[in-house]
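Reading the structure
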Amino acid sequence: MRAPLVVKRALDEPLLLLGAFGAILLATTMLVAMIMYAAAIAGPGVRRAVQDASYRQTSVTVTAQVDATTFSRYDRLVRDELAAAFGAPPAVTTSLRSDSYVMPGQEDADLPGLLRFGSHDGLDRHARLVTGRWPRTGGESVEAVISEPAATATGFASGAEFVTQARSDGKPVKVRVVGVFRLDDPVSERWAGEELLSRGVERGEYTTYGPLMVTRETFVAGFATSVRAVWAAEPDFGALTSERLRPLAAAAEGIGARLMAGGCVSCLAATELPALLTQLDSASLVTRSVLLISMLQLLLLAGYALVLTARLLADHRRMETALLRSRGAGTGRLVALAGGEALLIALPCAVVAPLLGPPLIALIGLLPGMASPPVAPDAGAYLVSSGAALAAAVLLALPSVAGGRRTYVQEQSARGRGLRRALIHGAGGDIALLAAAALAIWQLQRYGGPVTATAAGGLGIDPLIISGPALALLAGGLLGLRLVPRVSRLAERITARRATLPAALGSWQVSRRPLRYAGPALLLTLAIAVGVVSMATTATWRDSHRDQADHRAGADLRLPGPYEAPELGVLGRGTAFAGLPGITAASPAFRAQTDVGGESALLLALDADRLPQVFHLRPDLSSRTVPQLVAAIKGERAGRLELPGRPRALTVRVESPAAATGRLVLSDALGTWHDLPLGELREGVNTVRLDLAALAGRSGEITYPLSVRGLAGDEQAGLRLAGLSADGTDVPVTSAATNPQGVTAFGADRFAPGPLPVVLTPGLAATLKLREGQDGSVRLAGNVMRIKVAGIVASMPTGEPGQQAVLADWESLHAYELAAALPSRPATEWWLATPDSAPAEEVLRRNPQWDAGAVDRHELAARLRGDPLVGALHGGLTLGFAAALGFAVLGFLVNAVVAARERRAEFAVLRALGTGPGQMLGMLATEQAFVVGLSLVSGTALAVAVGNLVVPRIVLSGQAAAVEPAVLFRLPWPSVAVMLALVTAALAVIVAGLARRMWRGQSLEER
């Protein structure tokens, strides 16, 4: 049985068609794998991001005032609305709190202790019983359970019975405690706003205990007297997809309005879920935009590799095609032959590519930090592979069809003529591509990223911008081809003067036919450029995550929170935080929005002596290093009178010329300043006793020694420190002196300090019209102060994007404000240095009563790196990188083998003239070294140029906005060098194998 002509024709050129098959299979497989990977990671990535979000971000709370008659109706209305908004009934818990009841036995007290009752659905899922059982409905007494902290504070235990009275109407309630429970996680965000439940005690003007938890039915029947009800909904996001993010955000946004329209006039809905879903949608858009950029680069490589292979095939069959045409084959017959041959190669790729995608994705999962979701080919994968295969078939057939119009005589006469200039160069196509790429990159620079605002007010991907990197790479590669004839002629002149034959022959060959080498050189250049850009994008993105974490945290561990609390007092917080495990340095900090020169700015005060340990500032954000900034912002500091020993009380003798108020300024060994009020002072000498132990709090400790920094009073009060004793031991105050503002301080030359050195952001410096080194008077927090600009930082750590800020030395700022009789600033935060923050955070978690938040830069960096959507991006870039290397090796191999086969007669002549195998290898090595060397250098240079322009702009935040601090382009040179070395080695092996094969083949022919 005779095979069809198209099959016989294909089998006559197995090498070229095998190369074309490899190029199409590589392109379709990589494209399908990239799309499958992105689709597979998008859904799980979104769901994991929602699961990793806090309870506060994913829940919806509805509050309303209810009583026994309205609760059931409102409860049904809220649950129906939540089910309609989320498409399915979410998990809803109802929380109720009663009015106040009087502690038993304190009915006649002026300030009695108070009790509250409460109800919380599913409390048994978030707490465990320590003793007793959970309450039931019914019975003569109200059955209740009480939290362990509340039981300790009240003395109530399982089995206790008592009668309490409502404060509103005096109605008695008989209560029996049937159990004591302990919350699984008292500091969980689930209990935000439920401090009484998590702590058991609230102290204020009255001390309140509880709540005594009862069943919902018991509460509604006996305690629902116009009380506040809270419904907390936790939607099920198990089937959430990226397509549902925006609709779900809109539905959650309108819950409150729809409830009010439905009749619940007092219902108020609060949720951060719409913001989270919108952020995730933006993050998905950012990921898709970067993956599209990588896909376009992959398509560019695949398209050019196919065009190069198709051109080689067409050139190899020019005489055959012309002969067929001279024998009567029409255009239709030639098109059918070329198309059939292309489909014969492309269609198997369309079938095989989706099957190769899952194993390829599994290989990516073996790389560190890469996710490998389970994937399986579906109809969409086959549709993509079929489309890609058909497009590849068209590209493969076009050169043969276009060249099929020449006759045999025309081909024979044109065979010996070679072009020294490509058609695209002659037509100025490379310049046109460069102009289009420049326009795309200009738009990228202008809009700040590939994700831009649409006409409808949303966000979308700009097609011109995402095509910019691919256009820039292609334009740069084509411009680089203009160098091929010039460099080849230069190499020919250099090698012609040498006595070595292989180098001279190789250079002459390249110079004689530069266009033969231009095609593979361009392919190799583009492949290297795409690979290096992929590596640079991955490295830049990862470095940006670290920079963002450092900038947001400011320190290894930053602890915001109230500067004093009952558990840890104003001087007890620093001791507790500095003593956390693993802490190597600690600085008190004041961080708050402040009016500076009429502009709202972030005021940050840190101890300059500890700045190098606790302050993370990226070097490029300031022209000065952190140690240089430390030296620059250290201003004059206040003197001190150190108190001996470890005093628990101070006795202060103050002489006042008239009735006035005053305060004693104190600091501890950690640098915390605090004002101790002296109360109302009468004329003459006043003796005031100050309790220092209370400054530590209930469980805190003071870090000694303590120091008195000054005495201040009302304006022009004229107070004088007459004496001081610590725990009964007199302390000499002979060094005390008073300034014109009536402030008594210690040490000389502390009352007329010069300008306060500060570090400003550029926008604030411009507003104040001050440059580095200049000084001027500025209104700071309502007080005029003279400052000197000690440095400029492009962006202040912990600041929001675009936020103006000022940094000052903690001690210097206090000294200047003390001299101006201003109150001391509290330590609103503590900045800590630690190589490992996990032990410290564990201690903080076990002590929720400390009221300390935690911002951990290591945790922030891990959360940014672990974002599944970012993992999808890295996976796509890895596929692009692998495809680039594959196309580079495949294209080089096919072109080198075909070129060598076409020159068999030339090699035979050289062998007849006495050329040895070493010289043959040297000649081929010279020719291919020209292609490889020029491509590696130009591809790397092109990647550096395009990467610097593009990569920092496509690294965006999850909100599709520019990140803070600005992204720095990073090229991992060691990894790039390894890649270039591996590519060079692979190509060298190909050249050596080719030379050996040509030599052995000719020897066999001669025999």
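Computed from a prediction, not measured in an experiment: that's the story for all the values here. (Residues numbered from 1 in each chain as written. Predicted model: local features only at pLDDT ≥ 70, side-chain atom pairs only at ≥ 80, totals over all residues. Heavy atoms only, no water.)

1. Side note on the overall build of the chain
Going by this rule: Runs of H or I in DSSP of at least four residues are treated as helices and runs of E of at least two as strands, each being numbered from the N terminus. When a residue's accessible area, from a 1.4 Å probe over protein chains only, is under 20% of the maximum for its type it is buried; when over 50% it is exposed; and in between it is partly exposed. Contacts are assigned to residue pairs with any non-hydrogen atoms lying within 4.5 Å of each other. Computed with the Shrake-Rupley method and a 1.4 Å probe, the accessible areas treat only the protein chains shown as cover for residues.
The helix and strand tally for the chain stands at 32 helices and 33 strands. The burial tally for the chain puts 52% of its 1007 residues in the buried class. The contacts in the chain between residues at least 6 apart in sequence include a share of 79% that link residues at least 24 apart. For the chain, the exposed area adds up to about 43,300 Å²; of that, 57% sits on carbon and sulfur atoms.

2. Focus on the sheet that holds strand β19 (residues 649–656)
Just so we agree on the cut-off: Two strands are counted as paired when DSSP detects at least two bridges linking them.
Taken in spatial order, the four strands make up an open sheet running β22-β19-β24-β25, and their pairing is antiparallel. Two strands lie at the open edges of the sheet, namely β22 (684–691) and β25 (729–730), each paired on one side alone. As defined by bridge partners, strand β24 (residues 720–726) adjoins β25 across two bridges and the pair is classed as antiparallel. When the bridges of β25 are listed, S725 appears paired with D730.

3. Notes on the pattern of salt bridges
Stated formally: Salt bridge, as applied in this entry: a Lys or Arg side-chain nitrogen positioned within 4 Å of an Asp or Glu carboxyl oxygen.
According to the stated counting rule, one finds 39 salt bridges in the structure shown. R199 is the salt-bridge partner of D851, the closest N and O atoms lying 2.4 Å from each other. Pair noted here: D851 is in the loop between α27 (838–846) and β33 (855–856) and R199 is in helix α7 (residues 195–199), with a separation of 652 residues, a long-range link. By relative accessible area, D851 is classed as partly exposed at 23%. Of the charged contacts in the structure, one is a salt bridge between E567 and R698, with a shortest N-O distance of 3.1 Å. Here R698 lies in the loop between β22 and β23 (707–713) and E567 lies in the loop between β15 (557–560) and α22 (573–578), a separation of 131 residues in the sequence. We classify E567 as buried; its relative accessible area is 15%.

4. Here we look at the nonpolar core
Defined as follows: Throughout this description, the term nonpolar core refers to a set of buried Ala, Val, Leu, Ile, Met, Phe, Trp, Tyr and Cys residues connected via side-chain atoms within 4.5 Å.
Of all hydrophobic cores here, the largest spans 95 residues; its most connected members are I24, L301, I528 and F887. For this core, the leading source of residues is helix α11 (residues 273–316), giving 15 residues. Not counting residues within four places of it along the chain, the set of residues in contact with F887 comprises A23, L26, A27, L298, L301, A302, A305 and L523. Formed by 59 residues, the second largest nonpolar core is a distinct cluster that contains V66, V177, C267 and L273.

5. Focus on helix α24 (residues 626–633)
Within α24, the full set of buried residues consists of V626, L629, V630, A632 and I633. On its buried face, α24 sits against α23 (611–614), β28 (756–760), β30 (783–792), β31 (805–809) and α26 (810–819).

6. Considering the packing of aromatic side chains
Note the threshold: Within 6.5 Å between ring centres, the rings of Phe, Tyr and Trp (the latter by its six-membered ring) count as paired, and their orientation is classed by plane angle as stacked under 30 degrees, edge-to-face over 60, tilted in between. Here, a charge over a ring means that NZ of Lys or CZ of Arg falls within 6 Å of the ring centre while also lying within 35 degrees of the ring normal.
In the structure shown here, the tally under the stated rule is nine aromatic pairs. With centroids separated by 5.8 Å and ring planes inclined at 70°, the aromatic side chains of Y101 and F223 adopt a geometry described as edge-to-face. Here Y101, found in strand β3 (residues 101–102), pairs with F223, found in the loop between α8 (216–222) and β11 (227–234); they are 122 residues apart in sequence, far enough to count as distant. Overall, Y101 belongs to the buried group, its relative accessible area being 8%. Connected via pairs of aromatic rings, a cluster forms that spans Y101, F117, F219 and F223. Directly above the ring of Y206 sits R167, whose terminal nitrogen or CZ lies 4.9 Å from the centroid. For R825, the ring lying beneath its charged end belongs to F590, and the centroid distance is 4.8 Å.

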